[in-house]
Amino acid sequence: MDRIFRGIMKYRRTNRGKMVEQFVQVKNHPEPKALFFTCMDSRMLPARFTESNVGDMFIVRNAGNLIPHSQHFPDEYTSCEPAALELGCVHNDIRHVIVCGHSDCKAMNLLHLLRDTEYGSTVNRRKSPLRAWLCSHAMSSLEKYQQLEAAGFGTPLVFQAETPLRRISAYIDPEDKLSVTDKLSQVNTLQQIQNIASYDFLKKRLETYDLHIHALWFDIYTGDVHYFSRQSKQFVEINEKNVDGLVEEVSKYYC
């Protein structure tokens, strides 16, 4: 707490004035442009690596950057992730939903361990809210990863995209540079696109290309941000050489 208090004092001396100016500018008419789902990992600072300001994005964080599939929620129960989708995309007319996974994800490490049926048994789930969360909402990602593993990592995975008739074909780490759990993290990030598209209240906007879903992946140890390119069928680093081409691709695919 001492560190937090000292940090608040530094904020008061340096950034508070600029932030208050931005708060005043967006006070009555904030117009966020994106809904950003990412992991709660303390190393993930999306406002910094996207250079976002006050009012630019809604940010939702949880263990493993998961968006539960709509099938998990009967009428009497829901959670913050679909509520955030409705708040952002229905009530605030946001047009871009971004899911951002990352390297060295502890939730993905645990998900990989859940291949052991005893480790993920009902008895053990009742002892661990985190295991229960992953068993309920991330097993589809693990199953996709196991498909990839069985095919020897050379075959593309296929995910449902924004509508049942649209598909995403994805090569995961074709150069074989990533760890097993980093590969799983990229699979999991793409699986969330399919989960987001399962919500009926988004159906019309997705069908008419009025709402777009993107996948990012952040490398904790290099600071590089990767974008899933549907044209290249893989995550590609966003850098000075290709950023204009990626902007053009987004315009082609989503606008």
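Analysis parameters
- Residues numbered from 1 in each chain as written.
- Predicted model: local features only at pLDDT ≥ 70, side-chain atom pairs only at ≥ 80, totals over all residues.
- Heavy atoms only, no water.
- UniProt positions renumbered as here; feature names shortened; annotations may be inferred.
- Helix = DSSP H or I, 4+ residues; strand = E, 2+ residues; numbered from the N terminus.
- Buried < 20%, exposed > 50% of the residue type's maximum accessible area, 1.4 Å probe, protein only.

- In the annotation of an unreviewed UniProt entry, the protein chain is listed under the name Carbonic anhydrase and assigned to Acyrthosiphon pisum.
- The annotation that UniProt attaches to the protein chain under Catalytic activity (unreviewed entry) is "hydrogencarbonate + H(+) = CO2 + H2O".
- Per UniProt, the comment on the protein chain under Sequence similarities (unreviewed entry) is "Belongs to the beta-class carbonic anhydrase family."

### Some points on unusual backbone geometry
Right, so step 1: The phi torsion at E51 lies on the positive side, around 50°, for a residue other than glycine.
Right, so step 2: Structurally, E51 can be placed in the loop between α3 (46-49) and β2 (57-62).
Right, so step 3: For E51, a relative accessible area of 66% gives the class exposed.
Right, so step 4: You will see that D104, though not glycine, has its phi angle at about 50°, which is positive.
Right, so step 5: Within the secondary structure, D104 sits in the loop between β3 (96-102) and α5 (106-113).
Right, so step 6: A relative accessible area of 16% places D104 in the buried class.

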